2 protein chains.
Amino acid sequence: MLRVAGGITAPRGFRAAGVASGVKRSGRSDLSVVVSSTPCVAAGVFTTNRVQAAPVTLGAERLRASATTVRGILTVSGVANALTGPEGIEDNRRLLAAAEVELGLPEGSLLPACTGVIGPRLPVDRIVTALPQLKAALEAAGDGAERAAHAILTTDTRAKVASVKARLADGTVVRVGGMAKGSGMIAPRMGPMHATTLAYLTTDAKIRPAALARVLAHETESTFNMVSVDGDTSTNDTIYVLANGEAGGGFADDDPAFAEGVHAVLESLARQVARDGEGATKLLTVKVTGARNLDDARAAARAVVGSTLVKAALFGADPNVGRIACALGYSGARLDPDRMDVSILRPRQSVPLIVRGRPAPALENGGGNRIRDLLRQLDEVPLEVRLHEGRASATAWGCDLSYAYVQINAAYRT
Amino acid sequence: MLRVAGGITAPRGFRAAGVASGVKRSGRSDLSVVVSSTPCVAAGVFTTNRVQAAPVTLGAERLRASATTVRGILTVSGVANALTGPEGIEDNRRLLAAAEVELGLPEGSLLPACTGVIGPRLPVDRIVTALPQLKAALEAAGDGAERAAHAILTTDTRAKVASVKARLADGTVVRVGGMAKGSGMIAPRMGPMHATTLAYLTTDAKIRPAALARVLAHETESTFNMVSVDGDTSTNDTIYVLANGEAGGGFADDDPAFAEGVHAVLESLARQVARDGEGATKLLTVKVTGARNLDDARAAARAVVGSTLVKAALFGADPNVGRIACALGYSGARLDPDRMDVSILRPRQSVPLIVRGRPAPALENGGGNRIRDLLRQLDEVPLEVRLHEGRASATAWGCDLSYAYVQINAAYRT
């Protein structure tokens, strides 16, 4: 598997575009489309929040109706179209219908997504007037993938893209492309038919619907579902994957190289979401090893990246090992407090923080200052937790808690 | 039931004192004792964190050994005595033994508690040299209750005390006094024999050990276990109650007036802890009614006070109803998103925020600004959530998320 350029349009047959339709008062781009030149097998995972945005309800409905005739994804950023009831679903349906006509696509072939402020109705008429512009952008050659990736952003500070190619067992070379958004209200817990993180994957692999759904659900568990910025699971979280089969060859259904490609793109996007968490200055990666089972490993890793106190300490470059131990202790994972080890993973030699349940000697006698200096320098802080309880491991991604997070979220709508 | 003065020493037979022993470099008081002139029936609830501080292990052990010969509680603030292994327990045992000798109390009759930085050992020798001073303070008349309440504080900005008197069915008048600390690392989940919130109750009621344990466990569920400042469940959380029986009369075991008195003191202390959350500018109270059952009601109320995004919006006086709906949606409580109502409780007329699952009309056309002004003025924001699913209700307490929270926790140890 190799990283390649191209993002969401790296696989054959996909185009993308992003324009400003006026949903965002700032005038930034807010309408994004990804289109395949041929029908796709598609799958999606959605938020498990009981309050589901209209596009989540509608997207799940369209996938149930037909997961083999999907042509693309239309995303509006700036409004979430949540808390809008049946009218919100009707609004979104009307927008998709107009876009399908404008772009010459079959009825019902576009999947919806929205992200932004919860509460307001979707300004359908305003968006519809921008559809000709979207069509023109899609037909123009050039940087459509980049523009599409920008048009789905809200409080994000950068676009998130990834793309790889993988060689299947039968020699077919397939590409997997992806883009994502997500900065706040990030603690995805996505079920099979159920992030506001949005992530879209495209691939030119040939695959059957059930296999695609299974690969997406499985790889989401160890990637997006292991990210937390603020612990708030959104009403709008959605991951879609579209497979148009244009690479030819045999079915990728059970090919590990395909699943690895999907995993690589999802993991890259998930890390980018965590790194760009609202106000974040550092990416926090927590790898738990030696857990009793996978659930314990995931719970322990999630608790550390999710701890408000660990996050604030990280912002202050404070090696506050007590807070890490505290989070492990309340995670629910089975552990012996007198056996666990925690260290900062470093290329040559890891820096111990907790050794057999006690603060590491390295923290004493001014050693804490050296670790503080190290933490200050690191853009990514990779912690390893060894529980010595079993053989399961898991990794979670998060970020620090800064003044900027508070600023962004105390005044998001003003 | 009537509120009375006196705090932890309101019931007959209790004295208290607080002094500076040098654990805190700032020179603020850090050693606190509460003592009964006669043996007490005692009960405790402790953190469910798997990483338990030494005083938690030791305190639970002493209550198991004898819950009828307790004479008092000795608290050190500044160090948590957690992540200190068997040596930490031995340190605490040695401190208690020295204090029992100094204060003329039977061996094993003091209960321990600690709060502060996790990791460092307890400076037993330094504390022991301050014991004569503690004894003198205990013997002096005056403001011992207030000094004891101050000496257990860490990042708290104010002492937390409460006391009531209640008339039992047989006419006996009993008093219940209390004090607490807690500002950060606050999300108590306490089990029967298992905060860092510390709360102590004293009473002169006569009661049997099992009944006292049952009343404490039951009333903790609806009070301290419904508080969240930052979602981090501490290694040191402890509530103790001491009953010396000096009010005479019959046993209070099943007397509802006694349980109500305990509840009133715990609820007052729990609210004070939430209001004094690290960096908090506002108390957030969320009352959920109409839930399917008590677990659902508690989960829904806890999710709203625990939401980082709701907390940040509250700091900004932003009536961001989407975040409230989002938190309710991921709480796990069963709800119909199109039926739920949310309002700000006001003395004359509640202010609707969500009506049957939609943003209230009051938020539109500049109405949002009036609500913003109201939120700015309120020191306590009381939200009511009506789920219309059943008849269960619950209340949770929390606070807003401010720049000061980040500041305090990015640099707590420096």
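Not measured: the values here are computed from a predicted model.

**Q** Quick question: what am I supposed to make of the overall build of chain A here?
**A** Across its full length, chain A carries twelve helices and 16 strands. By the compact-globule yardstick of 22 Å for 414 residues, chain A fits well, its C-alpha radius of gyration being 22 Å. Its C-alpha atoms give chain A principal-axis dimensions of about 70 × 55 × 35 Å. Counting only residues that meet the buried cut, chain A has 62% of its 414 residues in that class.

**Q** It is not clear to me how the environment of B:Val173 should be interpreted in this structure. Could you clarify?
**A** Residue and element names in this part refer to chain B. Mapped onto the elements, Val173 comes out in strand S7 (residues 173–181). Taking the number of C-beta atoms within 10 Å as the measure of exposure, Val173 has 15 and is therefore partly exposed. On a C-alpha basis, the gap between Val173 and Gln133 in space is 34 Å, while along the polypeptide they are 40 residues apart. Setting aside anything within four residues of it in sequence, one finds Val173 in contact with Lys165, Arg167 and Ala247.

**Q** Mind showing me how you'd approach the relation of the copies chain A and chain B here?
**A** These two copies of the chain differ by a rotation about an axis and a displacement along the same axis. Each copy superposes on the other: chain A lies on chain B with an RMSD of 0.0 Å after a rotation of 180° and an axial shift of 0.0 Å. What we have between these two chains is a two-fold relation. It is A:Tyr403 whose C-alpha, among those of chain A, lies nearest the rotation axis, at 2.7 Å. Both copies share a contact surface, since 100% of the interface residues of chain A are interface residues in chain B too.

**Q** Just checking my understanding: could you explain the interface of chain A and chain B for this structure?
**A** Bring the parts together and some accessible area is lost; that lost area is often taken as the interface size. Contact residues are listed per partner, giving 49 residues for chain A and 49 residues for chain B. Every element with two or more residues in the side of chain A that touches chain B is listed here: helix H9 (308–315), helix H10 (321–330), strand S14 (358–359) and helix H12 (403–410) of chain A. Residue composition of the side of chain A that touches chain B, grouped by class: 25 nonpolar, 17 polar and seven charged.

**Q** Where do I start with unusual backbone geometry in this structure?
**A** When glycine is set aside, most residues are seen to have a negative phi, and most peptide bonds are trans. Residue and element names in this part refer to chain A. Despite not being glycine, Asn81 has its phi angle at roughly 50°, a positive value. Mapping Asn81 onto the fold places it in the loop between strand S4 (70–79) and helix H2 (85–103). Phi is positive for Ala317, which is not a glycine, with a value near 55°. With respect to the helices, strands and loops of the structure, Ala317 is situated in the loop between H9 and H10.

**Q** Looking at this structure, how should I read the domain arrangement of chain A?
**A** We note that the domain assignment places domain 1 (2–275) and domain 2 (283–410) within chain A. Listed as interface residues are eleven residues of domain 1 of chain A and, on the opposing side, 14 residues of domain 2 of chain A.

**Q** Hey, could you run me through the pairing of strand S3 (residues 31–47) of chain B in this one?
**A** For a regular strand, side-chain orientation follows a simple rule: the groups alternate between the two sheet faces. All names here are of chain B. Summarising burial for S3: 14 of the 17 residues are buried, a large majority. Where strand S2 (residues 14–19) meets S3, six bridges bridge the pair, whose relative direction is antiparallel. Note on S3: the bridge partner recorded for Phe14 is Ser36.

**Q** Teacher, can you tell me more about the pairing of strand S9 (residues 198–203) of chain A here?
**A** Residues and elements named next belong to chain A. Of all six residues in S9, six are buried; the element is thus mostly enclosed. Residues Leu198, Tyr200 and Thr202 of S9 are buried on one face, and the alternating residues Ala199, Leu201 and Thr203, pointing to the opposite face, are buried as well. Of the crossover connections in this fold, the one passing from S9 over helix H6 (residues 209–221) to the parallel strand S10 (residues 238–243) is right-handed.

The rules we used
Residues numbered from 1 in each chain as written. Chains lettered and ligands numbered in written order. Predicted model: local features only at pLDDT ≥ 70, side-chain atom pairs only at ≥ 80, totals over all residues. Helix = DSSP H or I, 4+ residues; strand = E, 2+ residues; numbered from the N terminus. Rg over C-alpha atoms; globule rule 2.2 N^0.38 Å. Buried ≥ 20, exposed ≤ 12 C-beta atoms within 10 Å, placed from the backbone. Contact = placed C-beta atoms within 7 Å. Least-squares fit on C-alpha atoms with pLDDT ≥ 70 in both. Nonpolar A, V, L, I, M, F, W, Y, C, P; charged D, E, K, R; others polar. Domains from an automatic or database assignment. Pairing = 2+ DSSP bridges. Right-handed = clockwise from strand over helix to strand, strands pointing away.

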